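Summary of the model geometry
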Amino acid sequence: MAGLAGRLRKRPPKYSAAALAWKGLRGQSWPRVWRDCDLQRSYDAVVIGGGVHGLATAYYLARNHGMTNVAVLDKAYLGSGGSGRNTAIVRSNYLTPEGVAFYDRSVHLYEQMAVELNINVMFSQRGHLTLAHSDSSLRTMHWRAEVNKLGGVNSSVIGPDEIKKECPSLDTSDHPRYPIQGALYHPPGGVVRHDAVVWGYARAADHMGVEMHQKTEVTDILCEGGDGPDGKGAGGRVTGVRTNRGDISTPIVINCTAGWASLISTMAGVRLPITTHPLQAAVTEPVKMFLPTVVVSGSLHVYVSQTDRGELVFGASVDPYANYSVRGSLEFTEGLAGHVLELMPGVSRMRILRQWSGLCDMTPDYSPVMGFTPVDGFLVDVGWGTYGFKAAPVSGEQMAEAAATGRTPKLIEAFALSRFDNGELVGEKGAASVGH
Amino acid sequence: MTMSRQGVQPTEVIDRAAKLRFRWNGKRFSGFEGDTIASALAASGEQIFSRSMKYHRPRGILTADYWDPNLMVQVGDDPNVRAGHRLLESGMDVRSQNAWPSLNRDIKAANSLFGRFLTAGFYYKTFMRPQWLWPTYERVLATFAPGGKIDLDTPHAYHDKRYTHPDVVVAGAGPAGIEAALAASGEGASVLLVSHEHAVGGHLRYSSDAADQAALAELRAALDASDVEVLTDSTVTGRYEDNWLGIVQRNHPIAVERLIKARAKTLVAAPGLIERPYVFEGNDRPGVITSGAARRLANLWGVKPGERAVVFSANADGDAAAADLERVGTEIAAVIDGRTGGRISSTSGSSRAVDAVVADGASIDADLLVVAAGWTAPTSLLNMAGDRPVYDPAAARFFPSDPPSNVLATGGLAGDADLDGLRQHGAATGRLAAARAAAVRHRLQSRTARALPVDGDEPAWAPDERVPLGRDPHPELYRADTHGMVDMSEDISSKDLVAAAHEGYDSVELAKRYTTATMGPSQGKLETVNTVAAIAEARGETISQVGTTVWRPPYAPLTLGALAGRMFEPVRVSPIHPWHEANNVSIIQAGQWLRPDHYGDPAAEVRNVRENVGLIDVTPLGKLDLRGPDVPKLLSLLYVNKWMKLGVGRVRYGMMCAEDGVVLDDGVTGRLGEDHYMMSTTSSGAGGVWEWVENWLQTERPDWQVHVTPVTTAYASINVAGPKSRELMSRVCEGVDLDAEAFPYMTVREATVAGVAGCFMWRIGFTGELSFELHVPAGHGLHVWEALMDSGSDLGVGPFGLEAQRIMRLEKGHFIVGQDTDGLTLGPSTGLGSLIKLDKDDFAGKPELAWAADRSLPMVVAIQPDDPDVVPEEAAQIVRGDTNEILGRITSSRYSPTLNRSICLGQVEPDLAAGGTKVTVLLESGERIGATVIDHHAHFDPAGERLRG
């Protein structure tokens, strides 16, 4: 009964300056951002993975399709995986028309997110520079700019002088070993407060009745009728999931587990063409604002932005070996520092405060795998590699539509798992941010 | 509270004869050699060192050491300097951070008035409407970013790195750490002892106890007499896999900071304990300091921390602090004993000074409150080794759980004992570390080729027979009956944390992310356990149940400069480079190589090659020397075409595809002898193809007899191209018949050229002209080039650069891998599908290419704009009529001086690939132009008569 009472909650107060002032004056506290619920025995859909993708999917299931008897399960805490470990960059200047259309929708959803979810996700559209240090990368930038323009995305190639104007801390002289020759400039690109996106989706989904279950680890996916052992595999259908807190029956399971995606899919007898690689990142101590844009250099394997707290946040390319370890390496920070100083020699006295890594689910064509699988009721939203965060809103929207209607939405047709059987790969190698 | 310098202390580390002058916020100050910036300022009566992040409250000394969050200052162009640690130097320009217009009068301090509205995470709940105002809100929020200022003119100073392989690294040089180092060294181990502080001794340094001082003198003498290498002002910042350690050395004589990379056989973690602040109302007023701060100020620098003090003591260090304070003249108003239930509740006073302390219900006048509330175990290095420390409520701190056996903890991190007990545990730890290191050393030596011989069997892994340290009972003191600051630098109070937990951010990680507690400069070394305690309290759980955050590297921050070290980015030039430089060359960067782009007029260079003869330096062309009976099998495996029957002296073009069928590289390979081949690759693919070849040989076909040697730079490569090239070659070559019949197209010969023996000559070229590609032993490259130039002056010989070559290859329709192909271009899309031999047993990419064989794929095609004077950009999209639907793109384009028209290669959808198809090209300007796909790739000499000549 506790669960039922939990579901019938009255609408919680909205966040606003006035509410902050009122509660401040009255010394009142805010209600829980999402409820602590008992785990039910049955749901209409179960989402595995409480990161931005899983939460966005649950949110859109409830909002767009009225499916509220939904549970999001996470083995740790919400946002504990890639959602809280990425460098929070959002952009839509991709290379393929499919990629551009998809991420353009995502940027659009990010722009509306603060108002829609009633939480300030601090989307800072400060502009995004992808630097070219060779004539071949400059040629790719031109290519991307042309495709972007045709897709209606604001993106153009600019030269060193304009780069210097947008971002004075960059060394645009011919002094560096690989001088900056130009950049793809994408004004709508920027950074978001990634944790706020997690909390915003969780809170909004919770308001509509979706349940968030932390410390709830899925240990098996229950199937029947498939061609593999225990009824798993092609031709079968999902009947539920087994967790460390007991079994749940459900006709729909959506796998949104990024670095663990292939392990979870195996539980349903579905093999994915995915390998997991760590991606490392680091942050410096804060200094006063000096870096106005997001800066990416593919040749130097680094991307950097300055947070509103004044820290520089760095990311790089994925580690070259498949691994589930999230411990950082010393070599990563050394290489990173060398490359950052090539771009901005003036920051040599800034200090690295913390390094970490996250797990990336890499596919052969650097594009995600979304939608249905050979197991009925088992859907995947995986293979997001190094670019999952920026796609979360649109992925959630599209996955919810797929799960609720049983049909693949047009926007994600190109990302179907079947493409690895029929050879219609989607190549985003050239526009994944660095080092692929 | 007014601090001031007192008489000479027996334990002080300052040299009162050496006065150092410096500036603080523009004003003149002085201190002594041995002072830290903070001790010098404190001795001069300064009370406020910084402002807090959110409320801009005045902040004074808290711990007076490296971790003090309130002592972050700017020194010259160096931001975020720890004034509690950095030694004073003459002439330093020290400035406060995070205050405007001045440290004493800060406008943003007005925020304190709105504290009740600015609860942790308040910014997530507002500034959402109107949306267009958010960028403005953001700019204002960003002005609250703490920290110093970057000077963009800071030079990337000289930073070298050091690599070392000691048997034992001891992190921490307190009594246990020193004993561990001495004992390990005594067992014959090589030992590196790393002291975070400026001198060894740990807490003994600031103890006024005579026995402690005697022990310190004894330990120092023993260290001096030992073989232990001691680093001071250095920190083990990270422990990575297999005891790979990062150590930052801050006092190297010539580097601002130096990164030392050490592979330790065993690591001893002896960092001591960090004194934990106590949470109560007014705990962030300047005048509230830790017992360690009081003792360091008094005993190391002879500074009296205040006039009249209340000491809150829950341990022996608190008691000692009271004694030390009395000795330097501070009146002790009261000692509140936390062990017997004594409690403090709050301080009162202005925002900049304490004037009374409420303890046990009574208000006591005092300008100083010294707090000894307990310890935090800095378990970072253990965390990095995979250990998950365990909380012991009886001792009120975390202890190691089960670190890997090559990481040993000692000292306060491992438990409690009197000084002798700590020293004995340290020594036992050192002996154990040495014994385990000896076993590792034996293993390495016996298994490493060419290592010194080693006798006997590998020693058994020494069992841990140390007598464990005890655990002194300590009251769990985290928060008083009032709320106060948990994170001084971030302005996060216990109230904020409790509120966050009630809101649902009730795990440590969520609370940390939501409130930003522990995210400041000390990374939770002072704040983490108090944060956990606040959450535990809000949840009604224990600290053990809530658990702690994972401490990640680095333990102490280190500069980007030290991490980067020296810039190692090689520049590669060919041996002929000096000639280019002397001849009006325009250089282009091509990967690591600097290459001649042109010599003034690329079009003229093209015409000269088409009419006379030209030379191009193609040294960066990848070259792999392949030897062994199984080379043909290797070639068959990696190229899509057939190689088993290539005759000696023959050359064949090959295309390589990756396992996904995508074009990887192309080039020619020639058979120089029975079991000897030379493979050439594209210039940009040289490194990648070598790795690709080695990868297949080493992981898939280790039984094949093939030896691969990359010889790209062993030869200087020159392509001699043009109708007069045979005439030119005949003047410099010996021992080879150059006649077209004897040395036909697609063959290779060894020859002596310009007196240089051992040159290889290939009848191939990229320009479409009669060509000879010469590979000359690198040392003679310049000589041969000059000989060719000298011998051919009457033939009109001249150099040509990459640009002319690009024009000519485009005229001939040769595609460039990576430019005309991309990450999705399958082999057949290049138009060379007939090369792909699916009847071969196996080759890289075969399954994908077999699948692709009966599909229609996008194709690489030659395209000519209808207007011969318009050259579309190499990115221009091919679209459907007036729509935005993309049907392909231009991948290469030039104006052809030979044909006097614009020419292109492009990729188009399959149904546009037939010759004669009309397409629409969208220029970058937005203009749409008509163009025509032509029948074959070659715009010029499609029959190839010229190159066979």
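Regarding its fold elements, chain B presents 22 helices and 52 strands. The C-alpha atoms of chain B give 38 Å as radius of gyration, which overshoots the globular expectation for 949 residues (30 Å, by more than 25%). Judged by the C-alpha coordinates and their principal axes, chain B covers about 110 × 80 × 55 Å. Within chain B, residue pairs in contact and separated by at least 24 positions form 67% of the contacts whose partners lie at least 6 positions apart.

What follows concerns the packing of helix H4 (residues 97-117) of chain A against helix H10 (residues 392-405) of chain A. Residue and element names in this part refer to chain A. Taken N-terminus to C-terminus, the directions of H4 and H10 make an angle of 105°; their axes are 7 Å apart at the nearest point. With respect to H10, the axis of H4 lies roughly perpendicular. Counting all contacts with H4, which are made through Phe-102, Arg-105, Ser-106, Leu-109, Tyr-110 and Met-113, the residues of H10 involved are Pro-393, Val-394 and Glu-397. Looking at side-chain class alone, the contact of H4 with H10 contains six nonpolar, one polar and two charged residues.

Attention now goes to the sheet that holds strand S11 (residues 191-194) of chain B. All names here are of chain B. One open sheet holds the five strands; their spatial order is S12-S11-S10-S16-S29, and the pairing between them is parallel. The open sheet has two edge strands, strand S12 (229-231) and strand S29 (407-409), and neither has a second partner. Taking the axes of each pair of neighbouring strands and ignoring which way they run, one obtains an average angle of 20° across the sheet. This element, helix H8 (residues 419-447), spans strand S10 (168-171), strand S16 (266-269) and S29 of the sheet and lies at about 165° to S16.

A few words now on the domain arrangement of chain A. Residue and element names in this part refer to chain A. Partitioning chain A into structural domains gives domain 1 (43-125 + 191-274 + 364-436) and domain 2 (126-190 + 276-362). A C-alpha centroid distance of 27 Å is found between domain 1 and domain 2. Counting residues at the interface gives 37 residues for domain 1 and 38 residues for domain 2. When residues of the side of domain 1 that touches domain 2 are traced back to their parent elements, those giving at least two are strand S3 (89-90), H4 and helix H8 (261-266). Residue composition of the side of domain 1 that touches domain 2, by class: 17 nonpolar, 17 polar and three charged.

Every contact between the two is made by 77 residues of chain B and, on the other side, 69 residues of chain A. With four residues, the top contributor of residues to the side of chain B that touches chain A is helix H13 (residues 560-564) of chain B. Classifying every residue of the side of chain B that touches chain A gives 34 nonpolar, 22 polar and 21 charged. Sheet analysis places strand S17 (residues 351-362) of chain A next to strand S32 (residues 558-559) of chain B, joined by two bridges and oriented antiparallel. Paired with Arg-351 of chain A across the two strands is Thr-559 of chain B, which belongs to S32 of chain B.

Residues and elements named next belong to chain B. Note on placement: Gly-654 falls in strand S37 (residues 651-657). Through-space distance from the C-alpha of Gly-654 to that of Leu-635 is 8.9 Å; in sequence the pair is 19 residues apart. Contact partners of Gly-654, with chain neighbours within four places excluded, come to Tyr-639, Asn-641, Asp-666, Gly-667 and Thr-669.

With 95% of its residues at a pLDDT of 70 or more, chain A shows a mean pLDDT of 92. Note on residues 1-8 of chain A: pLDDT is under 50 here. Beyond four places in sequence and across chains, it has seven contacts.

Whether parallel or antiparallel, the strands of a sheet pair through hydrogen bonds between backbone atoms. Residue and element names in this part refer to chain B. Strand order in the open sheet made by the seven strands is S42-S43-S44-S45-S41-S35-S46, with mixed pairing throughout. Every other strand in the sheet has two partners, leaving strand S42 (733-734) and strand S46 (798-799) as the edge strands with one partner each. Looking at chain direction, strand S41 (residues 715-721) and strand S45 (residues 771-777) are connected through seven bridges and run antiparallel. Bridge pairing links Asn-719 to Glu-773 in S45.

Attention now goes to the domain arrangement of chain B. Think of interface size as the accessible area that goes away when the parts come together; that is how it is often given. For chain B, the assigned domains read domain 1 (4-106 + 277-372), domain 2 (161-273 + 380-447), domain 3 (478-550), domain 4 (598-809) and domain 5 (848-948). For domain 1 of chain B and domain 5 of chain B, the distance between their C-alpha centroids amounts to 75 Å.

Residues and elements named next belong to chain A. With seven of seven residues buried, strand S16 (residues 312-318) is to be regarded as a mostly interior element. Judged from the four bridges that link them, strand S15 (residues 302-306) and S16 form a sheet pairing that is antiparallel. Directly across from Gln-306, in S16, lies its bridge partner Leu-312.

Now for the pairing of strand S34 (residues 593-598) of chain B. Residue and element names in this part refer to chain B. Note: strand S33 (residues 586-590) against S34, five bridges, orientation antiparallel. Paired with Ala-590 across the strands is Trp-593, a residue of S34. A loop of two residues connects S33 with S34, the two strands running antiparallel in sequence, and Gly-591 in this loop sits at a positive phi of about 60°.

Conventions and cut-offs
Residues numbered from 1 in each chain as written. Chains lettered and ligands numbered in written order. Predicted model: local features only at pLDDT ≥ 70, side-chain atom pairs only at ≥ 80, totals over all residues. Helix = DSSP H or I, 4+ residues; strand = E, 2+ residues; numbered from the N terminus. Rg over C-alpha atoms; globule rule 2.2 N^0.38 Å. Contact = placed C-beta atoms within 7 Å. Axes fitted to C-alpha atoms, helices over the stretch in contact; angles between N-to-C directions. Parallel < 35°, antiparallel > 145°, perpendicular 65-115°, else oblique. Nonpolar A, V, L, I, M, F, W, Y, C, P; charged D, E, K, R; others polar. Pairing = 2+ DSSP bridges. Domains from an automatic or database assignment. pLDDT = per-residue confidence, 0-100. Buried ≥ 20, exposed ≤ 12 C-beta atoms within 10 Å, placed from the backbone.

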